[in-house]
Amino acid sequence: MSEHIALTSAERASAPVVAETVIIGAGPCGLFQIFELGLLGISAHIIDSLAQPGGQCTELYPDKPIYDIPALPVCGAQELIDRLLEQAKPFHATFHLGQEVTELTPLPDGKFEIATVLGTRLIAGAVVIAAGVGSFQPRRLALPGIEAFEGKSVHYRVRSASDYHGRDLLICGGGDSALDWTVALAEKARSLTLVHRRSEFRAAPATVARMRELVAAGKMQHIEGQVVALHGETGRLDHAVVQSNNGETTFNVPAEQCLVFYGLHPKLGPVAEWGLALERKALRVDTEKFQTSVPGIFAIGDINTYPGKKKLILSGFHEAALTAFAIQHHLFPEKRQFLQYTTTSPIMQKRLGLAPADAPVVTE
Ligand SMILES: Cc1cc2nc3c(=O)[nH]c(=O)nc-3n(C[C@H](O)[C@H](O)[C@H](O)COP(=O)(O)OP(=O)(O)OC[C@H]3O[C@@H](n4cnc5c(N)ncnc54)[C@H](O)[C@@H]3O)c2cc1C
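The notes below deal with the structure included here. (Residues numbered from 1 in each chain as written. Predicted model: local features only at pLDDT ≥ 70, side-chain atom pairs only at ≥ 80, totals over all residues. Heavy atoms only, no water.)

1. A closer look at the packing of helix 2 (residues 28–39) against helix 7 (residues 313–331)
Pairs of packed helices are described in terms of their axes, by the angle between the two and the distance that separates them.
And step 1. Orientation of helix 2 relative to helix 7, taken along the N-to-C sense of each, is 35 degrees, at an axis distance of 8 Å. Along this stretch, helix 2 crosses helix 7, giving a crossing that reads as right-handed. On helix 7, the residues that touch Pro-28, Cys-29, Phe-32, Gln-33, Glu-36 and Leu-37 of helix 2 are Ile-313, Gly-316, Phe-317, Ala-320, Ala-321, Thr-323, Ala-324 and Ile-327.
And step 2. Grouping the amino acids of the contact of helix 2 with helix 7 by side-chain chemistry returns ten nonpolar, three polar and one charged. (Axes fitted to C-alpha atoms, helices over the stretch in contact; angles between N-to-C directions. Helix = DSSP H or I, 4+ residues; strand = E, 2+ residues; numbered from the N terminus. Left-handed = near helix turned anticlockwise from the far one by under 90°. Contact = heavy atoms within 4.5 Å. Nonpolar A, V, L, I, M, F, W, Y, C, P; charged D, E, K, R; others polar.)

Below is the structure:
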């Protein structure tokens, strides 16, 4: 995966970042938008609520093959994302990951202010919403009073593995994340219990086999069942009650910390609250610019709708190309627009980092 420029918390707390454009959503369409803007000499900041770029491809079906990407007879979904990141690399977009955009506000001077849950603020001349089916949220542990524990002793992602060293740890789930962290932490935690409601796991067979070895070696325990209660005070977990699948046995499991990996589900969420015209939970756009009901705010990929819309990656790629031209016109209305080919355009090749160092400076 490509390297990204990530902002520190100190940068987040300071004044708003001034950006030419902001892309909300780092799925395949948002990533291709970086490239199309970059070709036209326009820089981008890109924000995603997930900790890594890739949208549905990375989150929902990374290992599945895709057969309808032009000129790639077959391409793994994660491979497609890696290729898009590689292609966008020359344009040095700034990635703000792991933070949902909550606010998008038009400013009196025609620019936009974008704010995220982590307090990052950006001012941009144009915004592209590439939010797909919405921002992915973790499925929560559905227990009464869970809110008191969330963020203190119940977590849906690992921020720092060392937080769990030497602790009584409960891990819930049966997918790759649950099994990977179980195997990684079993010998670091004071005790580790994995709870999954089925006997089959949806994780790599080698990781499941390693988990079973750790159980056999007495390094952890695995219970087939579900968590029915958490006990502790002021958000500090003490133990969990786990019920076996047949309901006949209950276990008191020591647990100071609990990691829940029940997968993610998309939520349209804040996008619906920004005052943009919606049609059946999608943003209505025109098919010339893919502009929403607010000039300067564009929408591409699965989040938009127009007559004949097909939610396919290649539709989003086409939309990203036309949106880039529309944004160029929005930001620089005086500029004459003309189509250039990457094959023959010296300025585009320079932007792509391909032109030889001694090539004459080319301007549009
Ligand atoms: C199992 C499966 C197989 C598929 N196979 C194919 C196929 O073969 N060919 C094909 O063309 N398509 C396929 N698709 C559809 C394809 O994956 C989507 O069309 C594509 O992912 C849409 O890309 P996108 O960039 O618009 O949105 P997404 O991939 O959904 O990415 C949107 C991103 O925006 C982020 N986001 C949303 N709201 C916010 C917010 N407020 N703040 C911050 N971030 C936000 C999300 O976290 C997400 O990462 C498949 C889909 C699935 C589920």
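2. Quick look at helix 2
Three or four residues apart is the spacing at which side chains of an α-helix point the same way, because the helix has 3.6 residues per turn.
And step 1. When the terminal C-alpha atoms of helix 2 are compared, their 17 Å separation across twelve residues agrees well with the 16 Å that a helix rising 1.5 Å per residue should span.
And step 2. In terms of residue burial, helix 2 counts as a mostly covered element, since twelve of its twelve residues are buried.
And step 3. Those residues of helix 2 lying buried are Pro-28, Cys-29, Gly-30, Leu-31, Phe-32, Gln-33, Ile-34, Phe-35, Glu-36, Leu-37, Gly-38 and Leu-39.
And step 4. Looking one or two residues past helix 2, Gly-41 carries a phi angle of roughly 80 degrees, positive in sign. (Expected span 1.5 Å × (residues − 1). Buried < 20%, exposed > 50% of the residue type's maximum accessible area, 1.4 Å probe, protein only.)

3. What about the site of the ligand?
And step 1. Among the 31 residues in the neighbourhood of the ligand, the closest are listed as Asp-48, Gln-56, Tyr-61, Val-101 and Asp-302.
And step 2. Separating a nitrogen atom of the ligand from a backbone N or O atom of Ser-49 is a distance of 3.1 Å.
And step 3. In this structure, Ile-313 approaches the ligand through a main-chain N or O atom, which is 2.9 Å from an oxygen atom.
And step 4. Most atoms of the ligand, that is more than half of them, are within 2 Å of grid points of the second largest pocket.
And step 5. Broken down by secondary-structure element, the contributors of at least two residues to the shell around the ligand are helix 2, helix 3 (55–60) and strand 10 (135–138).
And step 6. Tallied by class, residues from the shell around the ligand come to 15 nonpolar, eleven polar and five charged. (Near = heavy atom within 4 Å. Polar contact = N/O pair within 3.5 Å; in protein donor to acceptor, adjacent residues only side chain to side chain. 1 Å grid on protein atoms, 1.4 Å probe; cavity = no way out; pocket = protein on both sides within 12 Å on 5 of 7 lines; lining within 4 Å. Sits in = over half its atoms within 2 Å of the grid points.)

4. As for helix 5 (residues 176–185)
And step 1. Taken together, the buried positions of helix 5 are occupied by Ala-178, Leu-179, Thr-182 and Leu-185. Taken around the axis of helix 5, the buried residues stretch over an arc of 145 degrees, which confines them to a single face.
And step 2. Buried residues along helix 5 sit in contact with strand 12 (168–172), strand 13 (191–196), helix 6 (205–216) and strand 17 (257–260). (Arc of directions from axis to C-beta.)

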